Amino acid sequence: MAASRARGQRVGLTRTAVLEAAVRLADREGLKALSMRRLGAELGVEAMTLYHHVPGKDALLEGMIERIVAEAVPPEFGAATWREDLRAYARALVEVLGAHPYAVSLLLSRPAMTPRNLRTMEAVVEMLHGAGFALPRTLDIMYALTSFVVGHAAAQAGEADGAGRLAELDPEAYPLLVGAARQSGEDAAGARFDFALEALLAGFERELATT
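Residues numbered from 1 in each chain as written. Predicted model: local features only at pLDDT ≥ 70, side-chain atom pairs only at ≥ 80, totals over all residues. Heavy atoms only, no water.

Overview of the nonpolar core
In summary, soluble globular proteins display a tendency toward joint burial of nonpolar side chains. With 52 residues, the main nonpolar core has Leu39, Leu60, Met64 and Leu86 as its most contacted residues. If you list the elements that add at least two residues to this core, you get helix H2 (15-29), helix H3 (36-43), helix H5 (57-70), helix H6 (82-99), helix H7 (102-109), helix H8 (115-131), helix H9 (135-158) and helix H12 (188-210). Considering every element that reaches this core, the biggest residue donor is H6, with eight residues. Setting aside its immediate chain neighbours within four residues, Leu60 contacts Val18, Leu19, Ala22, Leu34, Met36, Leu39 and Val54. (Core = buried A, V, L, I, M, F, W, Y, C linked by side-chain atoms within 4.5 Å. Buried < 20%, exposed > 50% of the residue type's maximum accessible area, 1.4 Å probe, protein only. Helix = DSSP H or I, 4+ residues; strand = E, 2+ residues; numbered from the N terminus. Contact = heavy atoms within 4.5 Å.)

Structure representation (structure tokens):
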């Protein structure tokens, strides 16, 4: 037994512990610093030990997405109205992605079809279908909402929306753009997120009324 542990078999190491350590490492040092060897050192085991819990780097990255998204998932979909559930999930997800900016690129580059994520998707579909949405439409809603949140988070992570810079333009050349930007307030990005989210939810509700 002692010889086995010397090769890196640390008692108590689990997939969850590996993924949580990977998220902490990426939060602290960035995604580029993440490797199986570096993660093994973080956990006090040999890199090969990690393969007992995640079969490779791709599985590790997908598992990290799973852990990060799980931070935004409510205890139970269907505990409130479908609109309240989606609103709470969207706001929690954008906050989580703001706390882990590197996760945006991961979400955009891989589907992360892990069992836990699939169970979350199944719960969302069940909740929406139970509310009266046609089954195919539940997927449309789920993907539309997720794409909106991830897109907003990507813009914020890369400062790609440029709204803050609009206020600094020449007001004589672009009076309406500058005026709109200056009147938007300090939390313009948050206000835009809430506005677009409510517009999406209102559109979903109109769809439900015609079902």
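Quick word on a nonpolar patch on the surface
A cluster of nonpolar side chains, Met113, Leu118, Leu139 and Tyr143, forms an exposed patch at the surface whose accessible area comes to about 370 Å². Assignment of secondary structure puts Met113 in the loop between H7 and H8. The exposure class of Met113 is partly exposed, given its relative accessible area of 44%. (Patch = residues over 30% accessible without salt bridge, like charges linked within 9 Å, V, L, I, M, F, W, Y side chains within 5 Å. Areas by Shrake-Rupley, 256 points an atom, 1.4 Å probe, with all protein chains shown as cover. Salt bridge = Lys/Arg side-chain N within 4 Å of Asp/Glu carboxyl O.)

Quick look at the UniProt feature "DNA-binding region" (unreviewed entry) in the protein chain
Mapped onto the present numbering, the UniProt feature "DNA-binding region" (unreviewed entry) falls on residues 35-54. Annotated as residues 35-54, this span is 60% helix and 0% strand, and its ends, taken at the C-alpha atoms, are 12 Å apart. (UniProt positions renumbered as here; feature names shortened; annotations may be inferred.)

Notes on the pattern of salt bridges
All chains considered together, the criterion is met by 14 salt bridges. A salt bridge links Glu66 to Arg15, with the shortest nitrogen-to-oxygen separation between them at 3.0 Å. In this pair, Glu66 sits in helix H5 while Arg15 sits in helix H2, placing the two residues 51 residues apart along the sequence. For Glu198, the salt bridge identified is with Arg87, shortest N-O distance 2.7 Å. With Glu198 in helix H12 and Arg87 in helix H6, the pair connects residues that are 111 residues apart, well separated along the chain.

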